[in-house]
Amino acid sequence: MSSETQKILTTDGIPLEESLKKAERKNKIIAFLLVAPLLLFIIITYVFPIGEMLFRSVDDRMVTNMLPKTFEAMKKWDGKELPQEEVFKAFYLDYKILVDEKRHGKLATQMNYTKNGFKSILKKLARKQKKFEEGNYKEQIMSVHKRWANVEYWRALKRRSPSYTYSKYLKGIDMYENEDGKIVQVPEDRRVHKILWMRTLNIALGVTILCFLMGYPIAHLLATLPMKYSNLLMICVLLPFWTSLLVRTASWMILLQQQGIVNDFFVWIGLVTDDTRPEMMYNKTGTFVAMTQILLPFMVLPLYSVMKTISPSLMRAGKSLGGTPFVAFWKVYFPLTVPGIGAGCLLVFILAIGYYITPALVGGASGSLISNHIAFHMKFTLDWSFASAMGLMLLSGVLLVYWIYNKLVGIDNIKLG
Amino acid sequence: MALPKYTEPHYRIWHYTYLTICGFVFFFLIAPLFVIFPLSFNAEEFLVFSDGMKRLDPDAFSTRWYHDMVYGTKNPWGLAAKNSFIIAIFATMGSILLGTLAALGLSSRHMPYKGIIMATLISPMIVPLIISGVAIFFFMAKVGLAATHTGIILAHIVLGTPFVVITVTATLSGFDHSVTRAAASLGSDPVNTFMKITLPLILPGVISGGLFAFVTSFDEVVVVLFLAGLDNTTIPIQMWTGLREQLSPTILAVATCLIVLSTLILVTAELLRRRSERIRGINR
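On a predicted model such as this, the values are computed, not experimentally measured, just so you know.

Summing up its helical and strand segments, chain A has 20 helices and two strands in all. Its C-alpha atoms give chain A a radius of gyration of 32 Å, clearly above 22 Å, the size a compact globule of 417 residues would have. Over its C-alpha atoms, taken along the principal directions, chain A stretches across nearly 100 × 100 × 40 Å. Expressed as a percentage of the 417 residues in chain A, the buried residues total 36%. Taking as baseline every contact in chain A between residues at least 6 positions apart, the subset at least 24 positions apart corresponds to 66%.

Encoded structure:
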């Protein structure tokens, strides 16, 4: 009994197996071609640019390309004592080109990031180097300023020789590479970024917990009420959901201002007196309150869609088996809502950790988050590589949560509206 | 939900506490929106309820801020509204076109690497806007599309497609594929089948995804802040500037209009959702 004769053939005389495979392949190609335009579009306009951010955040070729001869000469220098004449000569030649092309200002700014005090001695050198004579550049450069005779500055220069650097990432967590090449923390009074990361995490977690505590009861009520009431109450959740973020933030700015309605109410019930109205805006309180209200629908909707599928007879069964309503709720109902809780909490957390608009408007200085810091560096200090590094650190955190979300809930199970 | 007569007192108390808590939360959700409405009719320039308003004195109310919004001198709202609508409409069309095609492909059981591709396509929705803003800004600056309508529209298509992909895939998950096979067996070519059979059935999902894309674009500030030049100012950008600089009641008039718009969108979205649930119900 050979298998050759057993093969089933289609009417064309091709083995069925082959014909099916061909059809399958054709379907695969069609499906892929349908997805391809969007996939290409997203990859070109979105995925590559994020990759470019990664590149930008470690790219340090600017200084490397400005002083090619110097870094070549420095390769042989062990960094213990002042470098030899050849390094000084190479540096003089490189710097002369930069001054002639009027690019030395950029080098001064860059080197001042690495070591304070570099800017002034580079500027001074730019003025003095015009009168330099040939030969013995070491003496001539050192005579410009006494810091040029300090080996620390030459070590700082050598540290900028690699084309790629992770220094921006270190800066983002308040660390730096010191003169000996060790990674250490910056002085305690300058650890601004750590505070910022902790505050962002703190607010994102706090908002998530508040949203859960407020969202769970109302999602339960919406899921158990008869349709005609729940549809009406659902508007309270959906109208804010569809309303512009700026409109909602504006309304919180009106409510929370010192002469605003919330403060009026506090005075009226006697909680505070008229002249001790608390400051509720431009600080952490404002950020907390406004973000909780804005993100609450994102908690309620996934919870609701899960609760809607739980049959009320389960609770009745629990009670009829002798459980008190509380026991029945805790042992039967609550475990069934865990997928919804996971979905809602992760969604709110992901959205909260990258929030920008609301903290920028009602947060003030003490309520601003990582996003605001990134925008600040993009727009004002123009340190784009640092902004990229901070952005990618935030992104890796978000992607971790996204990955957990995908594992637990499945990305195609997101429900909207 | 009335309680049965035999309910014990402490459960009764708990039940009413629970209802009160829910009441507060609903109030917390919806009340802030209603502050804007009366204050936008304030006759004075301050953003607090004047004594006249508290007494319901008709003189304390006026429509001057609406007048200012439409006819005000050097008023930015006309241009902003025009730009916002142009950008949002084109971005929505782009999102619907690309998103629906992709969703059709993703819903096919022959699609290879479904998980990773889906995750990539949805990522603009998950990645913090500030990061998207920075990345898209780098891209648009490089290809020379910064400060153009085209650049902003392309950016908004990136941000809007995930919603279309999600809603259309959800609609297609309840789609009965035997109807397209029936059409094919009756001699219809794939394009004709799509236009006559598939599209009408998934239309509610497509439109509600489109609504999400529209709202995303219409309400988007962060990316536009990076991309917009003076000619591309949009309503959210104007509101953002206004809220940061001088909080004038004109902003509240605009905000009221936006709330009315969002109510209309909400009603449409709800009607569509019910319709698509009905269609899916028949299939079951």
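Turning our eyes to something else, we now look at the environment of Leu 203 of chain B. All names here are of chain B. Mapped onto the elements, Leu 203 comes out in helix α9 (residues 190-218). Its 16 C-beta neighbours within 10 Å are what place Leu 203 among the partly exposed residues. Spatially, the C-alpha atoms of Leu 203 and Phe 46 are 47 Å apart, while their sequence positions differ by 157 residues.

The next subject is the interface of chain B and chain A. Where the parts come together, the accessible area they lose is often given as the size of the interface. Of the residues lining the interface, 75 residues belong to chain B; the matching set on chain A comes to 72 residues. Sorting the residues of the side of chain B that touches chain A by element identifies α1 (9-39), α4 (77-107), α5 (114-126), α6 (129-142), α7 (149-173), α9, α11 (235-244) and α12 (249-283) of chain B as the ones contributing at least two each. Top contributing element to the side of chain B that touches chain A by residue count: α1 of chain B, with 14 residues.

Turning next to the confidence of the model for chain B. Here chain B shows a mean pLDDT of 86. Residues at 70 or above account for 96%. Here the prediction assigns the complex a pTM of 0.85, and the interface score ipTM is 0.87.

Another aspect to go through is unusual backbone geometry. Residue and element names in this part refer to chain A. You will see that Asp 174, though not glycine, has its phi angle at about 60°, which is positive. Mapped onto the fold, Asp 174 is located in the loop between α10 (167-172) and β1 (175-177). Exposure remark for Asp 174: the 18 C-beta atoms within 10 Å place this residue in the partly exposed category. Phi at Tyr 282 takes a positive value of approximately 60°, unusual for a residue other than glycine. Mapped onto the elements, Tyr 282 comes out in the loop between α14 (261-268) and α15 (284-307). Judged by the 19 C-beta atoms lying within 10 Å of it, Tyr 282 falls in the partly exposed class.

What counts, and where the lines are drawn
Residues numbered from 1 in each chain as written. Chains lettered and ligands numbered in written order. Predicted model: local features only at pLDDT ≥ 70, side-chain atom pairs only at ≥ 80, totals over all residues. Helix = DSSP H or I, 4+ residues; strand = E, 2+ residues; numbered from the N terminus. Rg over C-alpha atoms; globule rule 2.2 N^0.38 Å. Buried ≥ 20, exposed ≤ 12 C-beta atoms within 10 Å, placed from the backbone. Contact = placed C-beta atoms within 7 Å. pLDDT = per-residue confidence, 0-100.

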